[in-house]
Amino acid sequence: MEKIRHDLRLSETITPFGVGAIVDIRGESLIAPDTSWWDKKYSPEISCERLLARLGPGTLRQPPTHAGHAGKDTASLLYWRFPAWRFCERCSKLSKMTGKRNGKWSNTCECGGLLVPMRYIAICEQGSHAQDVPWFQWAHRGREAALDDAVRFCQSYKELRFERLSGQGEGLASLRVKCYGCGHARSLAELVTKDALQRDGLHCAGRQPWEPKDPAKKPCNHRLVAVQRGATGNYIAERISALDIPEERPQSAEFADKVRGHVFFERLVADNGGPQAEMIAGWIAGELGVAPETVLEIAAGGDVPDDDDVLLDLKDGEWAAFLKKLDSGRDRTGGDFVVDGWSLETTSGPESLVSRIAGVGQVHRVREVTALRGFRRYSAEADLITADLGANRRRSPTYPAMEMFGEGIFLKFDEDKLTQWETQPGVQARAGILLKRRAGIAWADRLDVPEPRYIALHTLSHLLIRRLAYASGYASASLQERIYANSDRKDKTAGILIFTAAGDAQGTLGGLVRLGRPEKLIPLLVSALDDADVCSNDPVCIERDKQGSSQLNLSACHGCSLVSETSCETGNRLLDRQLVLGGGSVVGFLDGVLAEVRQATVTG
């Protein structure tokens, strides 16, 4: 093995060039093996207890890679050549062999021509495995080959050629693999037909390209399908990020502790729903100022959440920490989580907008840790392959991770006004369209529940990101969102965090956090709403309710609401302008803001 170095940014080693990804670099096709192949001496450990508490036992490590001149003398990240089959662009010879030049391995053929990776590979439909298409076996099979013994028993392993036929157009029918030993040839058009590899008797090897053959491993019975090696579905990364903050307990949990600590609580539990339970619950509720039903629910153990969603669990702690910061005003604590809280009581602006915002936080400093859990291939319904396939993958796996420091803006919305809005029948019906579609897609349960508040705040976040790209000095792709919008939790959440997401070139420049002051933020929100009021694709955009990936957007397109997919939590899904600005029979959450602003302009 000869070391050939290429430069990568640290963020690229998580995605899109992370474990299991197929990477095209300077005419070569490479794939990244799992973390068991890493040299741990050059892979520093990253600390984030609240992220590991949700992922389970394991270690977070930064990939051992450096870009630029410093990388020439430091550790690097290992990549394997994949696919191994390549053809010469000069003589069209097809083989797995690698040429040599001046005694060193090179990406050239014996004739001096450049070796080009074959454009098709084989992917397992369900098991997320990948392998080379066995071109020699494939070229000697098929309907015609079965009738010719010279083809069936051909052993001319070095006589394969990858050819382009003139006069056959530009499709796959013009490309073929031919054996010059027996003379048999097959068009690549036969490769992509339904169940093509299965009919040829080619089966899944049940492993990743870098894994050694293991006879003890269970065979994979899922079908193989030939796909282009650069297809997006070949690598669907599953990553999770957490803000490294002093995690606070949700208010509901703190209240439950007060109830359990009450002097009469043991008597309430001992009665176990008996005749005195309601009376004792009334005593406790009277002293603590809550409803007796809430006390009875805690006594019955109903306050323990049954949702084990990792991301929701992380967001609960973050939401509680932000609320505490907002109540504290100016933050002088220092550390990696610094937030100045602002109230909008004295802020001038449209009443229909200001009254719906309960608080604003200037996030001067925040640390985010992102980890790669694993990846899938072919479809989002396929099996998840973990980032560590080594011997310790169950006891103590290693997750690729990186840490980033940045700044941001946090908005908390008024819970009472949001609840009043989202209970309207028209609003429920509009959100119900996406709820129904999400339920009909097997993999979509990994997305957030598209209840009205989530869709509205998520869309508003996108509109604000697009506007901030003009005013903050950051590119749109350098901003990232985190949506806190869930009404099913014990502590309902209704907020947006927009923060910097780049970990190297663009750190904390101050251009974003300065816009978090209410007197600057309110005009930006009005401008963002004004930008989205009319889309360049209207009336098509505003009237359609089947847009985006898997039709999981309503009135939202690239002309008005979509941002870089690296900035969005859900890959530009679950968006709708009507639930923000209104339209048709739907009342938007911020419906009336633009009308108020325009009326004030005319009056003034």
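Okay, so let's go over this structure. Treat the numbers as computed from the prediction; the structure is a model and nothing was measured. (Residues numbered from 1 in each chain as written. Predicted model: local features only at pLDDT ≥ 70, side-chain atom pairs only at ≥ 80, totals over all residues. Heavy atoms only, no water.)

On to unusual backbone geometry. Of note, the amide linkage connecting phenylalanine 82 to proline 83 takes the cis form, showing an omega dihedral of 0°. Looking at where proline 83 falls in the secondary structure, it is placed in the loop between strand E4 (80–81) and strand E5 (86–88). With omega at 5°, the peptide bond leading from aspartate 538 into proline 539 counts as cis. In this structure, proline 539 sits in the loop between helix H14 (518–533) and helix H15 (540–543). (Helix = DSSP H or I, 4+ residues; strand = E, 2+ residues; numbered from the N terminus.)

Moving on, we come to the sheet that holds strand E15 (residues 224–228). A sheet is described by the order of its strands in space; here three strands give the open sequence E11-E10-E15, paired in antiparallel fashion. This sheet does not close on itself; its edge strands, each paired only once, are strand E11 (130–131) and E15. Relative to E15, strand E10 (residues 120–124) is paired through five bridges, and the arrangement is antiparallel. Following the sheet pairing, tyrosine 120 is matched in E15 by glutamine 228. (Pairing = 2+ DSSP bridges.)

Taken in spatial order, the three strands of this open sheet run E6-E5-E9, and their pairing is antiparallel. Strands with a single pairing partner mark the edges of an open sheet, and in this sheet they are strand E6 (94–95) and strand E9 (115–117). Pairing between E5 and E9: three bridges, direction antiparallel. Along E9, the bridge assignment pairs phenylalanine 87 with valine 116.

Of all hydrophobic cores here, the largest spans 57 residues; its most connected members are Ile357, Phe413, Leu468, Leu525 and Leu529. Take this core: its biggest share by element is nine residues, from helix H13 (residues 452–471). With sequence-adjacent residues up to four places away left out, isoleucine 357 is seen in contact with Leu344, Leu411, Lys412, Phe413, Ile522 and Leu525. Within the second largest apolar cluster, 27 residues are counted, among which are Phe17, Ile22, Ile31 and Tyr235. (Core = buried A, V, L, I, M, F, W, Y, C linked by side-chain atoms within 4.5 Å. Buried < 20%, exposed > 50% of the residue type's maximum accessible area, 1.4 Å probe, protein only. Contact = heavy atoms within 4.5 Å.)

The next point concerns the pairing of strand E22 (residues 493–500). Counting buried positions along E22 gives eight out of eight residues, so the element sits mostly inside the fold. Side-chain alternation along E22 places Thr493, Gly495, Leu497 and Phe499 on one buried face and Ala494, Ile496, Ile498 and Thr500 on a second face that is also buried. Of the pairings in the sheet, the one linking strand E20 (residues 398–413) to E22 comprises five bridges and is antiparallel in character. Considered in E22, the bridge of isoleucine 409 is made with isoleucine 498.

Along the chain, serine 156 turns up in the loop between helix H3 (149–152) and strand E12 (160–164). As a C-alpha pair, serine 156 and cysteine 179 span 23 residues in sequence and 7.5 Å in three-dimensional space. Aside from chain neighbours lying at most four places away, what touches serine 156 is Phe136, Cys179 and Gly181.

Further remarks concern the pattern of salt bridges. Evaluation of the coordinates by the stated rule reveals 26 salt bridges. A salt bridge links arginine 81 to glutamate 28, with the shortest nitrogen-to-oxygen separation between them at 3.3 Å. Linking arginine 81 in strand E4 with glutamate 28 in strand E2 (residues 28–31), this pair joins segments that are 53 residues apart in sequence. Arginine 81 sits in the partly exposed class, given a relative accessible area of 31%. Assessed through its relative accessible area of 11%, glutamate 28 is described here as buried. Between glutamate 190 and arginine 186 there is a salt bridge whose closest N-O contact spans 3.0 Å. By relative accessible area, which is 36% here, glutamate 190 ends up partly exposed. Through salt bridges with shared partners, a single network forms among Arg50, Glu318 and Arg482. (Salt bridge = Lys/Arg side-chain N within 4 Å of Asp/Glu carboxyl O.)

Moving on, we come to the environment of lysine 412. Checked against the element boundaries, lysine 412 lands in strand E20. A relative accessible area of 26% means that lysine 412 is categorised as partly exposed. Sequence-wise, lysine 412 and valine 360 are 52 residues apart; in three dimensions their C-alpha atoms are separated by 6.2 Å. Look past the residues within four positions of lysine 412 in its chain and what remains in contact with it is Trp319, Leu323, Leu326, Ile357, Ala358, Gly359, Ala494 and Gly495.

Scanning the entire structure with this criterion turns up 13 aromatic pairs. Aromatic side chains phenylalanine 87 and phenylalanine 162 sit 4.7 Å apart centroid to centroid with 55° between the ring planes, which places their arrangement in the tilted category. Pair noted here: phenylalanine 87 is in strand E5 and phenylalanine 162 is in strand E12, with a separation of 75 residues, a long-range link. The pair phenylalanine 87 / phenylalanine 162 is uniform in exposure class, with both members buried. By the ring-pair criterion, three or more aromatic residues cluster together here, those being Trp319, Phe322, Phe337, Phe410 and Tyr484. Residue placement shows arginine 161 over the ring face of tyrosine 180; its charged tip is 5.9 Å from the ring centre. The ring of phenylalanine 589 carries arginine 356 above its face, with NZ or CZ at 5.8 Å from the centroid. (Phe/Tyr/Trp six-rings, centres within 6.5 Å; stacked < 30°, edge-to-face > 60°. Lys NZ or Arg CZ within 6 Å of the ring centre and 35° of its normal.)

Honestly, that's just the spatial picture; any functional story needs more than this.
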